[in-house]
Amino acid sequence: MPRIRTVALVTGAALLTRRAMRRRIGASPLWPLPALEEPVSGRPRSRALRLTVARHEQIAEGVVQLRLEGAQLPPWEPGAHLDLVLPSGLVRQYSLCGDPEDSSSYTVATRLISAGQGGRGGSLEVHERLREGVEVEVRGPRNRFPLADAASYVFVAGGIGITPILPMLRAVEAAGAPWRLLYGGRSRGSMPFLEEVEKLGGAGRGRVTVVAEDEDGLPDVAAFLAGAPREAAVHVCGPEPLLEAVDAALPEGCTLHLERFSPRADAEGNTAFEVELRRSGRTVAVAADTTVLAAVRAALPDTAYSCEQGFCGTCQQRVVEGEIDHRDELLTDGERARSMLICVSRARGERLVLDM
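Everything quoted here is computed from the prediction, not taken from an experiment.

So, how was this worked out
Residues numbered from 1 in each chain as written. Predicted model: local features only at pLDDT ≥ 70, side-chain atom pairs only at ≥ 80, totals over all residues. Heavy atoms only, no water. Phe/Tyr/Trp six-rings, centres within 6.5 Å; stacked < 30°, edge-to-face > 60°. Buried < 20%, exposed > 50% of the residue type's maximum accessible area, 1.4 Å probe, protein only. Lys NZ or Arg CZ within 6 Å of the ring centre and 35° of its normal. Salt bridge = Lys/Arg side-chain N within 4 Å of Asp/Glu carboxyl O. Helix = DSSP H or I, 4+ residues; strand = E, 2+ residues; numbered from the N terminus. Pairing = 2+ DSSP bridges. Axes fitted to C-alpha atoms, helices over the stretch in contact; angles between N-to-C directions. Contact = heavy atoms within 4.5 Å.

Participant: Now, about the packing of aromatic side chains: what can you tell me, with residues and values included?
Facilitator: Considering all chains together, one arrives at one aromatic pair under this definition. Relative to Phe 155, the ring of Tyr 153 has its centre 5.9 Å away and its plane inclined at 5°; by these criteria the two rings are stacked. The residues Tyr 153 and Phe 155 share a single accessibility class, namely buried. When the ring centre of Phe 224 is taken as reference, the NZ or CZ atom of Arg 180 above it lies at 4.2 Å.

Below is the structure:
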């Protein structure tokens with residue numbers, strides 16, 4: 001009898017264990033595998049929110065501001081951005097430019113970029129489809145451009161690059177820290193938040209320098225930075241030529257903090273290599289003038305991707321073998337040790353092996 005009782009207890013415990021395991025598997029986002037919406041080796045997603053477009057308004061020529069409302073939204077700090085999953089499935093990143101103390105809404109702004117200007121449809125979709133009352137999926141916030149801890153600040157913004165800078169201006173002004181801003185754009189009418197920026201600067205205080213190209217030409221970045229206090233934190237967001245100009249003229253002792261509209265162009269010196277797709281049993285050639293993503297999608301057309309700029313993480317894949325040339329603006333050092341964003345990153349050698 002004791003032996004029978006022992007066997008029954010062991011059998012019962014094993015049954016309970018199997019049932020618990022089934023419940024855990026059933027609750028897992030990786031089960032069942034055929035129904036996965038994200039690639040197995042893709043980037044784990046932050047909790048998605050469903051927010052409502054409460055306000056859609058044009059705030060400058062070609063610039064629309066969205067107020068997205070919800071309840072008890074995750075907190076954020078100046079420099080943070082959101083991933084917006086657009087109705088088409090495209091994922092785009094937009095800097096938060098509202099009030100971090102407002103837990104009921106997020107505010108973002110985007111400039112319409114036409115196809116002739118290199119646009120790929122995301123900004124057009126925001127302008128035309130995200131009208132008031134529409135629900136949109138949001139991921140984040142995430143912050144790759146935090147406000148530095150410094151005694152004084154210098155800010156440089158180009159066009160829509162004012163969006164992550166604006167909350168920083170409010171924060172340093174509220175803290176009483178000294179700051180200066182160079183704000184450039186094609187014309188005054190095309191520069192969002194210009195009135196608020198000038199008001200923050202204060203009339204006659206000389207803290208804000210506005211340069212409209214149709215009136216004044218290109219801004220003299222070197223002259224502006226020449227007066228920067230030693231050890232100031234210089235924050236800049238805008239197109240690549242503006243970032244390069246700030247980097248070249250950065251005064252000694254100052255620290256540079258930047259956010260790009262797109263990943264740094266670094267095609268010079270690219271070489272061809274091959275990528276083995278271990279689980280698929282295929283090997284693809286990546287030419288010097290193409291991307292890993294393009295080569296992989298030729299063999300595996302259903303490979304997930306979205307931004308193609310190294311920002312959203314949709315195309316993140318686990319690397320089994322090979323040295324990676326990381327060119328993204330997203331992954332942490334820990335993530336870079338074992339994975340890559342195949343839309344922009346490449347191999348440092350002749351071969352990579354991906355878990356695909």
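Anyway, onward from the coordinates.
Participant: I'd love a proper account of the pattern of salt bridges, names of residues and values included.
Facilitator: Enumeration over the complete set of coordinates arrives at 20 salt bridges. Here Glu 57 and Arg 55 are joined by a salt bridge, their closest N and O atoms 3.9 Å apart. Judged by relative accessible area, Arg 55 falls into the partly exposed class, the value being 43%. Across the pair Arg 129 and Glu 125 runs a salt bridge, and its minimum N-O distance is 3.5 Å. Of this pair, Arg 129 and Glu 125 both sit in helix H2 (residues 122-129), four residues apart, roughly one helical turn. By relative accessible area, Glu 125 is classed as buried at 7%. A cluster of three or more residues bridged by salt bridges with shared partners is formed by Glu 274, Glu 276, Arg 278, Glu 321 and Arg 351.

Participant: Which residues make up the sheet that holds strand S8 (residues 179-185), and what are the values?
Facilitator: Strand order across the open sheet formed by five strands is S9-S8-S7-S10-S11, with parallel pairing between neighbours. Two strands in the sheet have a free side with no partner beyond their single neighbour: strand S9 (208-212) and strand S11 (255-260). Sheet twist, expressed as the average angle between the axes of neighbouring strands with direction ignored, equals 10°. Here strand S10 (residues 233-238) pairs with S11 via six bridges, running parallel.

Participant: Could you give an account of the sheet that holds strand S5 (residues 105-111), with specific residues and numbers?
Facilitator: Spatial ordering of the open sheet is given by S4-S3-S6-S1-S2-S5, a layout of six strands whose pairing is antiparallel. Looking at which strands have only one partner, the edges of the open sheet turn out to be strand S4 (91-95) and S5. Pairwise comparison of adjacent strand axes, ignoring direction, gives a mean angle of 40° for this sheet. Where strand S1 (residues 48-60) lies against strand S6 (residues 135-142), five bridges are found, and the strand directions are antiparallel. Within S6, the residue paired with Leu 49 across the bridge is Val 138. Relative to the sheet, H2 contacts S1, strand S2 (63-69), S4 and S5, its axis offset from that of S5 by approximately 120°.

Participant: I'd like to hear about the environment of Gln 58, residue by residue, with values.
Facilitator: By secondary structure assignment, the location of Gln 58 is in strand S1. With a relative accessible area of 60%, Gln 58 lands in the exposed category. With 134 residues separating them along the chain, Gln 58 and Pro 192 place their C-alpha atoms 9.3 Å apart. Apart from residues no more than four positions distant in its own chain, Gln 58 is found in contact with Val 63 and Val 64.

No statement about biological role is implied by the geometric values presented.
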